[in-house]
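Understanding the architecture of this molecule
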Amino acid sequence: MLRTYAGSCHCGAVRLEADVDISAGTGKCNCTICTKMRLWSVDVKPEAFRLVSGEADLVDYRGSNAVAHHLFCKHCGVRPFEWVDMPNMSGAVYYSVNVACLDAVDVDELMAAPVSYYDGLNDNWGEAPAETRHL
């Protein structure tokens, strides 16, 4: 069921709202940055994402993947979301929201939702990695 969630970084400087259907599924990637931060995310279309406050408090880390903007709060270091521009694939921009940063997520709904795994480590985004236990 589509629901509007509020979310934030740890210190609250960065606040967001997103219209999300958790039951439609979440995702985990094995690329180096997602693995190190243990990102568990839900994809959100641009029209369903709103940065409520804290744009000036965000730092954009690009890493080696030029299409991914890994944003984190410059005060507390938490990464409530990132945005990705896929010009060579779907041509679409989407937001990847950290489910741990969403307020009032029903744990039972989160645990019941399907999880998709992405092999970003090998730039093979359409396939699940062979090993997912650590994600």
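Refer to the preceding data block for the structure.
Before going into details, it helps to say that this report is about the structure given with it.

Calculation criteria
Residues numbered from 1 in each chain as written. Predicted model: local features only at pLDDT ≥ 70, side-chain atom pairs only at ≥ 80, totals over all residues. Heavy atoms only, no water. Helix = DSSP H or I, 4+ residues; strand = E, 2+ residues; numbered from the N terminus. Contact = heavy atoms within 4.5 Å. Polar contact = N/O pair within 3.5 Å; in protein donor to acceptor, adjacent residues only side chain to side chain. Phe/Tyr/Trp six-rings, centres within 6.5 Å; stacked < 30°, edge-to-face > 60°. Buried < 20%, exposed > 50% of the residue type's maximum accessible area, 1.4 Å probe, protein only. Lys NZ or Arg CZ within 6 Å of the ring centre and 35° of its normal. Core = buried A, V, L, I, M, F, W, Y, C linked by side-chain atoms within 4.5 Å. Pairing = 2+ DSSP bridges. Axes fitted to C-alpha atoms, helices over the stretch in contact; angles between N-to-C directions.

Note that Glu 82 resides in strand E8 (residues 81–86). Considering only alpha carbons, one finds Glu 82 and Ser 41, 41 residues apart in sequence, at a separation of 9.6 Å. When near neighbours in sequence (up to four residues on either side) are disregarded, Glu 82 contacts Leu 39, His 69, His 70, Leu 71, Tyr 94, Tyr 95 and Ser 96. Within the structure, Glu 82 has its side chain in polar contact with the side chain of His 70 (distance 2.7 Å). Side-chain polar atoms of Glu 82 contact the side chain of Arg 79, separated by 3.1 Å.

According to the stated counting rule, one finds 3 aromatic pairs in the structure shown. Geometrically, the ring pair formed by Phe 49 and Phe 81 is tilted, given 4.7 Å between the ring centres and 55° between the ring planes. Remark: Phe 81 occurs in strand E8 and Phe 49 occurs in strand E5 (residues 49–53); sequence separation between them is 32 residues. Pairing Phe 49 with Tyr 95 gives two aromatic rings, centres 4.0 Å apart and planes at 10°, and the pair type is stacked. Here Tyr 95 lies in strand E9 (residues 92–98) and Phe 49 lies in strand E5, a separation of 46 residues in the sequence. With relative accessibility at 9%, the residue Phe 49 sits in the buried group. Judged by its relative accessible area of 18%, Tyr 95 is buried. We note Lys 28 situated over the ring of Trp 40; from NZ or CZ to the ring centre the distance is 4.4 Å.

What follows is about the nonpolar core. With 23 residues, the main nonpolar core has Val 44, Phe 81, Val 97 and Leu 102 as its most contacted residues. Elements with a minimum of two residues in this core: strand E2 (15–20), strand E4 (41–44), strand E7 (68–73) and E9. With 3 residues, E2 is the largest single contributor of residues to this core. In this structure, Phe 81 is in contact with Val 14, Leu 16, Phe 49, Leu 51, Leu 58, Leu 71, Tyr 95, Ser 96, Val 97 and Asn 98, ignoring residues within four places of it in sequence. One finds Cys 29, Cys 31, Ile 33 and Leu 39 within the second-largest nonpolar core, a separate group that totals 5 residues.

Take the sheet that holds E2 next. The strand order across the open sheet formed by 3 strands is E1-E2-E5, and the pairing between neighbours is antiparallel. Edge positions in the sheet fall to strand E1 (3–8) and E5, since each of these pairs with one other strand and no more. Between one strand axis and the next, the sheet turns through 20° on average, direction left out of account. Here 4 bridges tie E2 to E5, and the two strands are oriented antiparallel to one another. Bridge pairing links Arg 15 to Ser 53 in E5.

Function-wise, these values are silent; they only describe arrangement.
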